[in-house]
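For reference, the chains in residue letters:
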Amino acid sequence: MAEDDLDCRSAVSDILKMEHLVSAVEDGEAAIDHLTSEDFDLVIIDCMMPGVNGFELYKWLLDNRPEL
């Protein structure tokens, strides 16, 4: 999960952690770091983040990890 808002990231992570393993990061750059080295079943992306925003991260996924 990539979300720059700490409260939102924490709330969603806490809910998902009840039944799933969760990797939550604060921005698109950190998400790319994780996505290059790990596999995920679900990717949740905030569209409006500073730096690499959600739309750019989605494009990166299509170009580099289309299986996700």
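Look up: the structure comes first, before these words.
Note that the coordinates shown come from a computational prediction; the quantities given were computed from them, not determined experimentally.

Draft legend 1. Spatial organisation of the layout of surface pockets. Looking at the largest pocket, its volume works out to about 400 Å³. As for the largest pocket, its lining consists of 17 residues, and the residues nearest its centre are Leu 21, Val 22, Ser 23, Phe 40 and Leu 42. Here the lining of the largest pocket takes 3 residues from helix H2 (residues 28-37), the largest share from any one element. Here the residues of the lining of the largest pocket are counted per class, giving 13 nonpolar, 3 polar and 1 charged.

Draft legend 2. Up close: a negative patch on the surface. A contiguous patch of negative charge, built from Glu 26, Glu 29, Asp 33 and Glu 56, is present on the exposed surface. Looking at the secondary structure, you find Glu 56 in helix H3 (residues 54-64). Looking at Glu 56, the relative accessible area reads 42%, which means it is partly exposed.

Draft legend 3. Structural detail: the environment of Asp 4. With respect to the secondary-structure elements, Asp 4 resides in the segment before helix H1 (6-16). The exposure class of Asp 4 is partly exposed, given its relative accessible area of 32%. Remark: the alpha-carbon pair of Asp 4 and Asp 27, spanning 23 residues in sequence, is separated by 5.6 Å. Other than its neighbours up to four places away in sequence, Asp 4 contacts Arg 9, Glu 26, Asp 46, Met 48, Met 49 and Pro 50.

Draft legend 4. Seen up close, the nonpolar core. Judged by nonpolar contacts, Ala 2, Val 25, Ala 30, Ala 31, Ile 32, Leu 35, Met 49, Val 52, Leu 57, Trp 60 and Leu 61 together constitute the single largest core of 11 residues. Among the secondary structure elements, those contributing two or more residues to this core are H2 and H3. With 4 residues, the top contributor of residues to this core is H2. Discounting residues that sit within four places of it in the chain, Met 49 has contacts with Ala 2, Glu 3, Asp 4, Glu 26, Asp 27, Gly 28 and Gly 54.

Draft legend 5. Layout of H3. All buried positions along H3 are accounted for by Gly 54, Leu 57, Trp 60 and Leu 61. End-on view of H3: buried residues confined to an arc of 115°, all on one side of the axis. Summarising the geometry of H3, the exposed residues directed more than 90 degrees from the buried face are Phe 55 and Asp 63. Turning to H3, the residues buried within the fold contact H2. Measuring from the backbone nitrogen of Phe 55 back to the side-chain oxygen at the start of H3 gives 2.9 Å, which picks out Asn 53 as the cap.

Calculation notes
- Residues numbered from 1 in each chain as written.
- Predicted model: local features only at pLDDT ≥ 70, side-chain atom pairs only at ≥ 80, totals over all residues.
- Heavy atoms only, no water.
- 1 Å grid on protein atoms, 1.4 Å probe; cavity = no way out; pocket = protein on both sides within 12 Å on 5 of 7 lines; lining within 4 Å.
- Points joined across faces, edges and corners; volume = space filled by probe spheres on them.
- Helix = DSSP H or I, 4+ residues; strand = E, 2+ residues; numbered from the N terminus.
- Nonpolar A, V, L, I, M, F, W, Y, C, P; charged D, E, K, R; others polar.
- Patch = residues over 30% accessible without salt bridge, like charges linked within 9 Å, V, L, I, M, F, W, Y side chains within 5 Å.
- Areas by Shrake-Rupley, 256 points an atom, 1.4 Å probe, with all protein chains shown as cover.
- Salt bridge = Lys/Arg side-chain N within 4 Å of Asp/Glu carboxyl O.
- Lys, Arg positive; Asp, Glu negative; His and termini not counted.
- Charge placed at Lys NZ, Arg CZ, Asp CG, Glu CD.
- Buried < 20%, exposed > 50% of the residue type's maximum accessible area, 1.4 Å probe, protein only.
- Contact = heavy atoms within 4.5 Å.
- Core = buried A, V, L, I, M, F, W, Y, C linked by side-chain atoms within 4.5 Å.
- Arc of directions from axis to C-beta.
- Polar contact = N/O pair within 3.5 Å; in protein donor to acceptor, adjacent residues only side chain to side chain.

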